[in-house]
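# Structural description and commentary
Listed below are the residues making up each chain.
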Amino acid sequence: MRASSSTTSLALVTAALAAAEADADVAAAQVGVLDARLQETADAQAELADKRAEVVDLLAELKKKRSEVTDAIRDLTSTRADLRQKRAEAAAARTTLTARRAEVSEQLAALPPESPAREPLEQALAEIDQKLAEVNAGLGKLDAGLRQLDSGLKQARSGLSQIKDGIHKATDGLSDLDEAAAEVRDARAELTRLRRLTR
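Residues numbered from 1 in each chain as written. Predicted model: local features only at pLDDT ≥ 70, side-chain atom pairs only at ≥ 80, totals over all residues. Heavy atoms only, no water.

### Let's talk about the overall build of the chain
From N to C terminus, the chain includes two helices and zero strands. Across the 199 residues of the chain, 20% fall into the buried class. Residue pairs at least 24 apart in sequence account for 89% of intrachain contacts in the chain once pairs closer than 6 positions are excluded. Taken as a whole, the chain presents about 13,900 Å² of accessible surface, with 55% of it coming from carbon and sulfur. (Helix = DSSP H or I, 4+ residues; strand = E, 2+ residues; numbered from the N terminus. Buried < 20%, exposed > 50% of the residue type's maximum accessible area, 1.4 Å probe, protein only. Contact = heavy atoms within 4.5 Å. Areas by Shrake-Rupley, 256 points an atom, 1.4 Å probe, with all protein chains shown as cover.)

The structure is reproduced here in structure tokens:
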């Protein structure tokens, strides 16, 4: 009975030794897997850090452009207000000149053709016509300038809207990268803990 008990004990020890060796082999294999996973997380952290730096640079560039476009819109709006004021003044001058021309034309019509008073009125009418032509030309330029400013403002506002969208998307991207970096950090911490257990 003792021999049988010894044989059983020896078999148990041999089995336990074989199991321990198998566990050691599995643990050794796990070390390699854990080391590979740790390297993968290190690479992922570096890649995420690079992408984050790119997005931060992009955000800074977009914010600078937003500031520049906002300044341009402010300048264009101010210039537009100045041109509108000048146009209002020119339109008022045209109204005054048109009324004065009507008066002079009426006075001329009331005079006989041989009257000596006609000459100064005809000269005044010619001067009024010259000034009206200048005012009308100025109004044409002001209108063209206002159309260009309106077009420029429309483009600038559209550009500003696109820049704001870009900032929003970049900010969201930055948040996503930060979340991914936190997940990789947590995974790396867990792998490091497991790696320590295999020593």
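Now that the structure has been shown, we can carry on.
### With respect to a negative patch on the surface
A surface patch of like charges, here negative, comprises D172, D176, E179, E183 and D186. Structurally, D172 can be placed in helix 2 (residues 118-197). (Patch = residues over 30% accessible without salt bridge, like charges linked within 9 Å, V, L, I, M, F, W, Y side chains within 5 Å. Salt bridge = Lys/Arg side-chain N within 4 Å of Asp/Glu carboxyl O. Lys, Arg positive; Asp, Glu negative; His and termini not counted. Charge placed at Lys NZ, Arg CZ, Asp CG, Glu CD.)

### A closer look at the nonpolar core
The biggest cluster of nonpolar side chains holds 16 residues, and the ones touching the most others in it are V69 and I73. Those elements that provide at least two residues to this core are helix 1 (2-110) and helix 2. By residue number, the principal contributor to this core is helix 2, which donates ten residues. Excluding its chain neighbours within four sequence positions, the residues that come into contact with V69 are A156, L160 and I163. Among the nonpolar cores identified, the runner-up in size contains 14 residues, and L97, V104, I128 and L139 belong to it. (Core = buried A, V, L, I, M, F, W, Y, C linked by side-chain atoms within 4.5 Å.)

### Regarding the side chain of T41
With respect to the secondary-structure elements, T41 resides in helix 1. A relative accessible area of 7% means that T41 is categorised as buried. Once residues lying within four places of it in the same chain are set aside, the contact partners of T41 are V184, A187, R188 and L191.

### Considerations on the environment of Q107
Note that Q107 resides in helix 1. Q107 sits in the partly exposed class, given a relative accessible area of 38%.

### Some details on the pattern of salt bridges
When the charged atoms of two side chains with opposite charge come close together, those side chains can pair. Under the counting rule described, the total for this entry stands at eleven salt bridges. One salt bridge connects D178 with R52, and the closest N-O pair in it is separated by 2.6 Å. Of this pair, D178 sits in helix 2 while R52 sits in helix 1, and the two are 126 residues apart along the sequence. Of the charged contacts, one joins E190 and R193 as a salt bridge, the two residues approaching to 2.6 Å between their closest N and O atoms. With E190 and R193 both in helix 2, this residue pair falls three residues apart, about one helical turn. For E190, a relative accessible area of 36% gives the class partly exposed.

### So, the side chain of S115
With respect to the secondary-structure elements, S115 resides in the loop between helix 1 and helix 2. Among the polar contacts listed, one links the side chain of S115 to the backbone nitrogen of A117, at a separation of 3.2 Å. (Polar contact = N/O pair within 3.5 Å; in protein donor to acceptor, adjacent residues only side chain to side chain.)

### Let's talk about the environment of D43
Within the secondary structure, D43 is located in helix 1. The partly exposed category is assigned to D43, whose relative accessible area is 44%. Note: C-alpha distance between D43 and V184 (141 residues apart in sequence) is 10.0 Å.

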